[in-house]
Structures are given as C-alpha cells and as structure tokens.
Amino acid sequence: MAPSIWQLLIVLVIVLLLFGTKRLRNLGGDLGSAIKGFRGALSEPEETAEPQQDEASFVQSDSKANPDAAKQDKN
C-alpha cells in the first residue's frame, strides 16, 4: 500500500517544523558534497596508492644495499 500525496505532505510539514528550513538546507548540501566526494574517490585511479612489497622483494633489495648483512642473515 503506497502512501498518498496527503500523507507525504503531512510528514514533510512535520519534518519542517522539527528541523527548520535552514537545517534541512545545510543537511542537503552536506549530503550532496559527501556524494560528490565519494564519486570522486571511486573514479580516482589506483596509481595514487603506494605499491605494496612482499617480504621476498624487501630482502632482495636489502641484500643489494648491504651485501654483508645478507651474508649474516643466511648464517
């Protein structure tokens, strides 16, 4: 059973009386900017995130930088 237009108008009037027009306008603006920010974050390329290194590549890069440390780790 769908609500009639009169029921919707009564609910709208009650909401306006409780919150006021200024507060509802601010709420609508905040909601709009939040949606815009969310869409922007979704369309952003994933290249901005730093690539994660696994432990093996970290050990390899460390052994290239300090070969003596790599020999000590193996022993």
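Just above, that's the structure.
Every chain begins its residue count from 1, and numbering advances along the sequence as written. Per-residue local features are limited, in this predicted model, to residues with pLDDT of at least 70; the limit for side-chain atom pairs, both in listing and counting, is 80 or more; totals at the level of whole chains, interfaces and linings are taken over all residues. The basis for every side-chain value is the complete set of non-hydrogen atoms in the structure, without hydrogens or water.

**Let's talk about helix H1 (residues 5–19)**
- The numbering of helices and of strands both runs from the N terminus, where a helix is a DSSP run of H or I of at least 4 residues and a strand a run of E of at least 2. In this scheme, a helix's expected span is set at 1.5 Å multiplied by one less than its residue total. Across its 15 residues, H1 extends 21 Å between first and last C-alpha, which sits within 8% of the 21 Å expected from 1.5 Å per residue.
- Once H1 ends, the next one or two residues include Gly 20, with phi positive near 85°.

**Description of the environment of Val 15**
- Within the element layout of this structure, Val 15 appears in helix H1.
- Throughout this description, buried means an accessible area under 20% of the type-specific maximum (1.4 Å probe, protein chains only), exposed means over 50%, and partly exposed covers the range between. A relative accessible area of 28% places Val 15 in the partly exposed class.
- For this analysis, residues touch if any pair of their heavy atoms sits within 4.5 Å. Residues within four places of Val 15 in sequence aside, it is in contact with Gly 20 and Leu 24.

**Points about the packing of H1 against helix H2 (residues 21–43)**
- All axes are obtained by fitting lines to C-alpha atoms, using only the stretch in contact for helices, and the reported angles, taken between N-to-C directions, cover 0 to 180 degrees. Two elements in contact, H1 and H2, have axes whose closest approach is 6 Å; the angle formed by their N-to-C orientations is 100°. Our classification of the angle between H1 and H2 gives roughly perpendicular. Taking contact as the criterion, the partners of Val 15, Leu 16 and Phe 19 in H1 are, on H2, Thr 21, Arg 23 and Leu 24.
- In terms of residue class, the contact of H1 with H2 is built from four nonpolar, one polar and one charged. Angles are sorted into four bins: roughly parallel if under 35 degrees, roughly antiparallel if over 145, roughly perpendicular if 65 to 115, and oblique for all others. Gly is put with the polar residues, along with every residue not named as nonpolar or charged; the nonpolar set is Ala, Val, Leu, Ile, Met, Phe, Trp, Tyr, Cys and Pro, and the charged set is Asp, Glu, Lys and Arg.

**What to know about a nonpolar patch on the surface**
- Residues qualify for a patch when their relative accessible area is over 30% and they have no salt bridge, like charges being joined within 9 Å and the nonpolar side chains of Val, Leu, Ile, Met, Phe, Trp and Tyr within 5 Å. Here the open area of atoms and residues is found with the Shrake-Rupley method and a 1.4 Å probe, where only the protein chains shown may cover a residue. What makes a salt bridge here is a side-chain nitrogen of Lys or Arg within 4 Å of a carboxyl oxygen of Asp or Glu, nothing more. A cluster of nonpolar residues, Ile 5, Trp 6, Leu 8, Leu 9, Leu 12 and Leu 16, forms a patch on the protein surface that exposes about 630 Å² of accessible area.
- Topologically, Leu 12 is positioned in helix H1.

That is the geometry; function is a separate question.
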